[in-house]
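Commentary on secondary and tertiary structure
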Amino acid sequence: MLTYDSTGFRLDGRPLRILSGAVHYFRSRPEQWADRLAAVRAMGLNTVETYVPWNLHEPAPGRYARLDELGAFLDEAHRQGLWTIVRPGPYICAEWDNGGLPGWLTARLGRRVRSSDPEYLAAVDAYFDALLPQVVGRQWGRPGGGVLMVQVENEYGSFGGDAAYLDHLARGLRERGIAVPLFTSDGPEDHLLAAGTVPGVLATVNFGSDPEGAFAVLRRHRPEDPPFCMEFWNGWFDHWGEPHHTRDAADAADTLRRLLAAGGSVNLYMAHGGTNFGTTAGANHADPPFNSTDWTHSPYQPTTTSYDYDAPLDERGLPTAKFDAFRQVIAEFAAEQPELVRYLDEREPVLPAPAPLLAAREVLLDECAELPFGPAVTAPVPPSFEELGLEHGLVRYTATVPALSPELPLTVEGLCDRAALRVDGEHVASLERGVPAEPVAAGGGARVRLLVESLGRVNYGPPTGEAKGLTGVRHERQYLHGWQAEPLALDPLPDPGTWSPGTPAPELLARGTLHLDAPGDAFLAVPEGGHGYLWVNGFLLGRYDARGPQHTLYCPWPLLRPGPNTLALLELGTTAPARVVLRDAPDLG
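Bear in mind that the values here come from a model prediction, so they are computed numbers and not experimental data. (Residues numbered from 1 in each chain as written. Predicted model: local features only at pLDDT ≥ 70, side-chain atom pairs only at ≥ 80, totals over all residues. Heavy atoms only, no water.)

**Observations regarding the overall build of the chain**
In plain terms, the rule: Secondary structure counts use DSSP, requiring at least four H or I residues in a row for a helix and at least two E residues in a row for a strand, with both numbered from the N terminus. Each radius of gyration is computed over the set of C-alpha atoms, and the globule rule expresses the reference value as 2.2 Å times the number of residues to the power 0.38. Think of it in three bands: with a 1.4 Å probe and only protein chains considered, a residue is buried below 20% of the maximum accessible area for its type, exposed above 50%, and partly exposed in between. The criterion used for residue contact is that any of the two residues' heavy atoms lie within 4.5 Å. Accessible surface area values rest on a Shrake-Rupley calculation with a 1.4 Å probe, where residue burial reflects the displayed protein chains alone. We score Asp and Glu as negative and Lys and Arg as positive, and we do not count His or the chain ends. For charged residues, the charge sits on one atom: NZ in Lys, CZ in Arg, CG in Asp, CD in Glu.
If you tally the helices and strands in the chain, you get 11 helices and 33 strands. Relative to a compact globule of 589 residues, whose C-alpha radius of gyration would be 25 Å, the chain shows 25 Å and is just as compact. Taken over the C-alpha atoms alone, the chain extends approximately 80 × 55 × 40 Å along its principal axes. Expressed as a percentage of the 589 residues in the chain, the buried residues total 59%. The long-range fraction of contacts in the chain, counting pairs at least 24 apart against all pairs at least 6 apart in sequence, stands at 78%. If you sum the accessible surface of the chain, you get close to 22,000 Å²; carbon and sulfur atoms cover 53% of it. Of the side chains in the chain, 48 bear a positive and 75 a negative charge, and the two mean positions are spaced by 3 Å.

**Digging into unusual backbone geometry**
Of the consecutive residues Asp491 and Pro492, the connecting peptide bond is found in the cis state with omega at 5 degrees. Following the sequence through the fold, Pro492 ends up in the loop between β25 (483-488) and β26 (500-501). Across the junction of Gly548 and Pro549, the peptide omega takes the value 10 degrees, indicating a cis bond. Summarising the element assignment, Pro549 is placed in the loop between β30 (539-545) and β31 (553-555). Of note, the phi angle at Asp12 is positive, near 55 degrees, even though the residue is not glycine.

**A word on the sheet that holds strand β19 (residues 418-423)**
For clarity, the threshold we go by: Strand pairing requires that DSSP identify at least two bridges connecting the strands. Every axis in this analysis is a line fitted to C-alpha atoms, fitted for helices over the stretch in contact. Angles between the N-to-C directions lie between 0 and 180 degrees.
The strand order β16-β25-β17-β22-β19-β20 describes an open sheet built from six strands, whose pairing is antiparallel. Every interior strand has two partners, whereas the edge strands, β16 (377-379) and β20 (426-432), have only one. Strand-to-strand twist of the sheet, defined as the mean angle between neighbouring strand axes without regard to direction, takes the value 20 degrees. Relative to β20, β19 runs antiparallel, the two sharing six bridges. For Arg418, the partnering residue across the bridge sits in β20 and is Glu432.

**Structural notes on the nonpolar core**
The criterion, for reference: Take the buried Ala, Val, Leu, Ile, Met, Phe, Trp, Tyr and Cys residues and link them wherever side-chain atoms come within 4.5 Å; each set so joined is a nonpolar core.
Tyr120, Val150 and Ile178 are the most contacted members of the largest nonpolar core, which has 93 residues in total. Broken down by element, this core gets its largest block of residues, seven residues, from helix α5 (residues 118-131). Discounting residues that sit within four places of it in the chain, Val150 has contacts with Val86, Pro88, Val135, Leu173, Ile178, Val180, Pro181, Leu182 and Phe183. In this structure, Phe385, Leu388, Val448 and Val452 belong to the second largest nonpolar core, which totals 25 residues.

**Notes on the pattern of salt bridges**
How we decide: Any carboxyl oxygen of Asp or Glu within 4 Å of a side-chain nitrogen of Lys or Arg constitutes a salt bridge here.
Applying the stated criterion across every chain yields a total of 39 salt bridges. We note a salt bridge from Glu49 to Arg87, for which the minimum N-O separation is 3.6 Å. On the criterion of sequence distance, the pair formed by Glu49 in strand β5 (residues 47-51) and Arg87 in strand β6 (residues 83-87) is long-range, its members being 38 residues apart. As far as the burial class goes, Glu49 and Arg87 line up, both buried.

**Overview of the packing of aromatic side chains**
Condition: Within 6.5 Å between ring centres, the rings of Phe, Tyr and Trp (the latter by its six-membered ring) count as paired, and their orientation is classed by plane angle as stacked under 30 degrees, edge-to-face over 60, tilted in between.
Counted by the stated rule, this structure contains 27 aromatic pairs. Between Phe277 and Phe539 the ring centres are 5.4 Å apart and the planes differ by 75 degrees, which places this aromatic pair in the edge-to-face class. Separated by 262 residues along the polypeptide, Phe277 in the loop between β11 (265-272) and β12 (283-285) and Phe539 in strand β30 bring together distant segments of the chain. On the basis of relative accessible area, Phe277 is assigned to the buried category, the value being 8%. Grouped by ring-pair contacts, the aromatic residues Tyr51, Trp233, Trp236, Phe237, Tyr269, Tyr307 and Tyr309 constitute a single cluster.

Pasting the structure below:
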């Protein structure tokens, strides 16, 4: 049993310093978990932490999917000699689409989510009923169990102050069989800790620097709790169109050394970042100016496909300079205080050999197909993605300018992401959220078509829970009515039925064949591409974007096979890439 007081943690009566690293099971392939976790243990850590994304496991109301992946990951961690920390949400942030909250739920409930609203709590309860059996039977003290702690919500003090909501979650975890310690995590600021903590539940803090100051704030609120940094931000994530983030290994290691010297337990965020496969990457709004509180109109920042995070283990799972620096800090601490540094078992950790890396080459895209949109839905105004039952992908919206109208400008309102605007079949504008566009005019009888592409839903702050699509189109002051909306999900690769030899073009699926003697890791680039999507054997790797900073997509070896492999691409810009290039190194900017 894990217990704690102001002096630290005890496991089965013996002192324990928790040395954890975050590895998200949903950001790598199951075949890679053993190597990722063995590397975490080889760094000197004794615990691994993971979030659990609700929208991955309940993609539609009452339809649950892939729940056993969490249990399989926890079992593999135990096999690799690691205890585990589980953070089931219901909100996780994590630079994950919508902070893990299902889009179908937030579209329906809006600002009622993350509160004690009865309809929201009923949805959470049903989800926990389905999910938590994966955790309950794997708690420490049960055969094969290694779960030490479970989180209540996530950084709730940064969002709201509904104490009844947090109490409902904590009681719900206990009533469903969670017996290990519960905890909350928040920023080390007085108002955040005051709003985000629960009486009788361990409080932890998240930070990237100044561990002494952060723990001092925590002690003011919880003098009876041991110091614990639940997220030590040793790197950072990237947004499209912004510089790639890195952090000096020596600087991060110095902060870790000070954190341990201050008596803290730690969870490295991230130990291994991994990849935002498919359409799972989230987004942010830039922090508003100091003299403003308007989050909703600050710049929109979609997160990249890579979640490398400049972590100790890179996106491919290989150790970096930060891995070596952290391993040295942990080894020094273990030598100074051996009574605190314990492990689930006494095996000698071994750093796994890297997977093979495919040689550089290119694959020509020599077949094309039309996009297989779903049946058209007719509505007076453009329905949102959520109203069409679509979490992410494309919607083709079509309407007609009323007869007798003169040439007047079109205004697209409420565009959440990107759109290609065509008038009478001609591409006239590429539109993007928050980017001013040149005016486009159309006259009576003109056919207006918008191909709208969704990017990540905001995962942090007041704008969390935004709907996707657009809210309307005006022809001067008159709204256009009588819309047709045709949805298309992109994950996995939609089946167009017929592929034909041809030349790639924007808004067409294109594919080619990669022949392999044996699978291996690969880094794929679309050097002539503007922005779009890339699939391997039907699996959606994610989005590419010429703005960078990321210019290669990581393809894990389990997605490939000996013999022919299909690479498919959808370009949504104005270019027509005819090849995919395999490179022998990542390019993250």
